[in-house]
Amino acid sequence: MLEFATLDDVEDLFYFVNAAYRGDSSRAGWTTEADYLDGQRVDQTMLQEKILGTASRIFLLKDDKKIKACCELSSIGKENDFVEIGMICVSPLEQGQGWGKKIISLVEKHVQDNLPFKHGAKMHVIEGRTELIQWYQRLGYQLTGEKCPFPMQDPKFGIPKVDKIEFLIMQKSLRDLR
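Residues numbered from 1 in each chain as written. Predicted model: local features only at pLDDT ≥ 70, side-chain atom pairs only at ≥ 80, totals over all residues. Heavy atoms only, no water.

Enquirer: Run through the environment of Leu-13, naming residues and quoting values.
Expert: Along the chain, the position of Leu-13 falls in helix H1 (residues 10-21). Residue classification places Leu-13 among the buried positions, given a relative accessible area of 0%. Here the alpha-carbon distance between Leu-13 and Glu-94, two residues 81 residues apart in the chain, equals 16 Å. Contact partners of Leu-13, with chain neighbours within four places excluded, come to Ala-5, Leu-47, Ile-58, Leu-60, Ile-67 and Cys-70. (Helix = DSSP H or I, 4+ residues; strand = E, 2+ residues; numbered from the N terminus. Buried < 20%, exposed > 50% of the residue type's maximum accessible area, 1.4 Å probe, protein only. Contact = heavy atoms within 4.5 Å.)

Quick look at the structure:
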């Protein structure tokens, strides 16, 4: 069942997200960023601010009170034209079991049912993560041709292991959201 993250989830979510994206633990799955970045993906203060703030929501899928997947949703653009879907992660040991597809589908349904966005959803994906980009394309997200730089000089988002990291922007129109 889809639920909103609360302050009670911060510590578990901190370990869950960082283990899914970075370090040796992330290499057990296919969505690792470990070839591009070291360090943290998120810290507990960032998570607390996101949970307490009004600019975004963090959704969780749990099974037996254990986090199986998470996803952040925030508004972007003029007059909230789009919703940003980010921090999508599944435990590396449980990838390939449908948790990622399920949380994205449920978050998209939430957008359709509850939010007044005019155009749809966008996401940022690190350029070069071909398998992940193709997976998002199978879910209906398309490359826009837009790019934006990764904050290379800000270690709170990670420590770059390569000289240049850029995000590719993908989007899905509101009518195509599940």
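Enquirer: Outline unusual backbone geometry, supporting the account with residue identities and numerical values.
Expert: Of note, the phi angle at Lys-65 is positive, near 65 degrees, even though the residue is not glycine. Mapped onto the secondary structure, Lys-65 falls in the loop between strand E3 (56-63) and strand E4 (66-76). Positive phi outside glycine occurs at Met-87, with the angle close to 50 degrees. Looking at the element boundaries, Met-87 is found in strand E5 (residues 82-90). Looking at Met-87, the relative accessible area reads 4%, which means it is buried.

Enquirer: Which residues make up the side chain of His-110, and what values go with them?
Expert: Mapped onto the elements, His-110 comes out in helix H4 (residues 99-114). Judged by relative accessible area, which is 18%, His-110 ranks as buried. Contacts of His-110, omitting those with residues within four sequence positions, involve Phe-4, Phe-59, Leu-73 and Leu-115.

Enquirer: Describe in detail H4, supporting the description with residues and values.
Expert: Helix length check: H4 (16 residues) gives 22 Å between terminal C-alpha atoms against 22 Å at 1.5 Å per residue, within 8%. All of the buried residues along H4 are Trp-99, Gly-100, Ile-103, Ile-104, Val-107, Glu-108, His-110 and Val-111. The arc enclosing the buried residues of H4, seen along the axis, measures out at 160 degrees, which places them on a common side. (Expected span 1.5 Å × (residues − 1). Arc of directions from axis to C-beta.)

Enquirer: Describe the packing of aromatic side chains, listing the residues and the values that go with them.
Expert: Inspection of every chain in the model, using the stated rule, returns 6 aromatic pairs. Considering the side-chain rings of Phe-150 and Phe-167, the 5.7 Å spacing of their centres and the 50 degrees angle between planes classify their relative orientation as tilted. One end of the pair, Phe-150, is in the loop between strand E7 (142-149) and strand E8 (159-160); the other, Phe-167, is in strand E9 (residues 166-173), with 17 residues separating them in the sequence. Side by side, Phe-150 and Phe-167 carry an identical accessibility label, which is buried. Here the aromatic cluster, defined as three or more aromatic residues joined through ring pairs, consists of Trp-30, Trp-135, Tyr-136 and Tyr-141. The ring centre of Tyr-21 lies 4.4 Å from the NZ or CZ of Arg-41, which sits over that ring. (Phe/Tyr/Trp six-rings, centres within 6.5 Å; stacked < 30°, edge-to-face > 60°. Lys NZ or Arg CZ within 6 Å of the ring centre and 35° of its normal.)

Enquirer: So what about the side chain of Thr-31? Which residues, and what values?
Expert: Counting through the fold element by element, Thr-31 comes out in the loop between helix H2 (23-26) and strand E2 (37-38). A polar contact of 2.9 Å, which involves the side chain of Thr-31, links it to the side chain of Gln-95. In contact with Thr-31, other than residues within four places in its own chain, are Ala-20, Gln-95, Arg-129 and Leu-132. (Polar contact = N/O pair within 3.5 Å; in protein donor to acceptor, adjacent residues only side chain to side chain.)

As far as function goes, none of this settles anything; it's purely spatial.
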